[in-house]
Amino acid sequence: MKKSVDSLDKRFKIAHKEALIGVILVILNFIIWYGFAYGLGSVNVKDYTYVFGLPAWFFYSCILGSIVMILLVILTVKFIFKDIPFEVNEEENK
């Protein structure tokens, strides 16, 4: 009987978890961007508020949102992701 890939190597389980975290971060980034861009940007142009000379919807969705996401990715990589070897170790797989 052939073993599945997940039972052969624990690295795949770690990789799947980290990929799921990456997808969650992308979805969070889209929600932040979409919420500010279309939430604040859907008003009449005459009614826009400005932050540092930029429309508030642009500042919050593109500038501040990017900074927040960069910090989240740095924290995720530093504290959640694990450093795993790429070499196959036959003793660990048995």
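Our structure's up above, just so we're on the same page.
**Student:** Sorry if this is basic, but what is going on with the pattern of salt bridges here?
**Tutor:** If the charged atoms of two oppositely charged side chains come close together, the side chains can form a pair. If you walk through the whole model with that rule in mind, you get one salt bridge. A salt bridge links D9 to R11, with the nearest nitrogen and oxygen atoms 2.5 Å apart.

**Student:** Even after reading the chapter, I still don't get the environment of Y48, so can you show me in this structure?
**Tutor:** Mapped onto the secondary structure, Y48 falls in the loop between α2 (10-40) and β1 (50-51). Residue classification places Y48 among the buried residues on the basis of a relative accessible area of 18%. If we skip the residues at most four places from it in the chain, Y48 touches L40, G41, V43, P55 and W57. Engagement of the side chain of Y48 in a polar contact is seen with the backbone oxygen of G41, the distance being 3.3 Å.

**Student:** Explain unusual backbone geometry to me, please; I cannot follow it from the model alone.
**Tutor:** Backbone geometry at F52 places phi at a positive 55°, although glycine is not the residue there. Looking at the secondary structure, you find F52 in the loop between β1 and β2 (54-55). Using a relative accessible area of 75% as the deciding quantity, one classes F52 as exposed.

**Student:** How should I be thinking about the environment of S61 in this particular structure?
**Tutor:** Tracing the chain through its elements places S61 in helix α3 (residues 56-79). For the pair S61 and I31, spaced 30 residues apart in the sequence, the C-alpha separation amounts to 9.5 Å. Polar side-chain contacts of S61 include one of 2.7 Å to the backbone oxygen of W57.

**Student:** What should I look at first to understand α3 in this one?
**Tutor:** It helps to recall that an α-helix has 3.6 residues per turn; residues three or four apart then point in one direction. Look at α3: 32 Å from first C-alpha to last across 24 residues, which is about the 34 Å you get at 1.5 Å a residue. By the largest-angle criterion, G65 marks the main kink of α3, which is about 35°. Listed in full, the buried residues belonging to α3 are A56, F59, S61, G65, M69 and T76. Residues of α3 that are buried in the fold lie against α2, β1 and β2.

**Student:** So what exactly am I meant to see when it comes to the side chain of T76 here?
**Tutor:** Here T76 lies in helix α3. When near neighbours in sequence (up to four residues on either side) are disregarded, T76 contacts I21, L25 and F81.

About the thresholds
Per chain, residue numbering runs from 1 following the sequence as it is written. With the structure being a predicted model, the display of local features is reserved for residues of pLDDT at least 70 and the display and counting of side-chain atom pairs for 80 or more, all residues being used for whole-chain, interface and lining totals. Excluded from the side-chain calculations are hydrogens and water; all other atoms, namely the structure's heavy atoms, are used. Salt bridges are counted wherever a side-chain nitrogen of Lys or Arg sits within 4 Å of a carboxyl oxygen of Asp or Glu. Helical segments are the DSSP runs of H or I of at least four residues, strand segments are the runs of E of at least two, and each set is numbered from the N terminus. Burial classes follow relative accessibility: with a 1.4 Å probe on protein chains only, a residue under 20% of its type's maximum area counts as buried, one over 50% as exposed, and anything between as partly exposed. Contacts are assigned to residue pairs that have any heavy atoms within 4.5 Å of one another. Under this definition, polar contacts are N or O atom pairs within 3.5 Å; protein pairs additionally need one hydrogen-donor-capable and one acceptor-capable atom, and for neighbouring residues in sequence, both atoms have to be side-chain atoms. Expected helix span is taken as 1.5 Å per residue step, with the number of steps being one fewer than the number of residues. Two axes are fitted around each residue, one to the seven residues ending there and one to the seven starting there, and the angle between them is reported as the bend at that residue.

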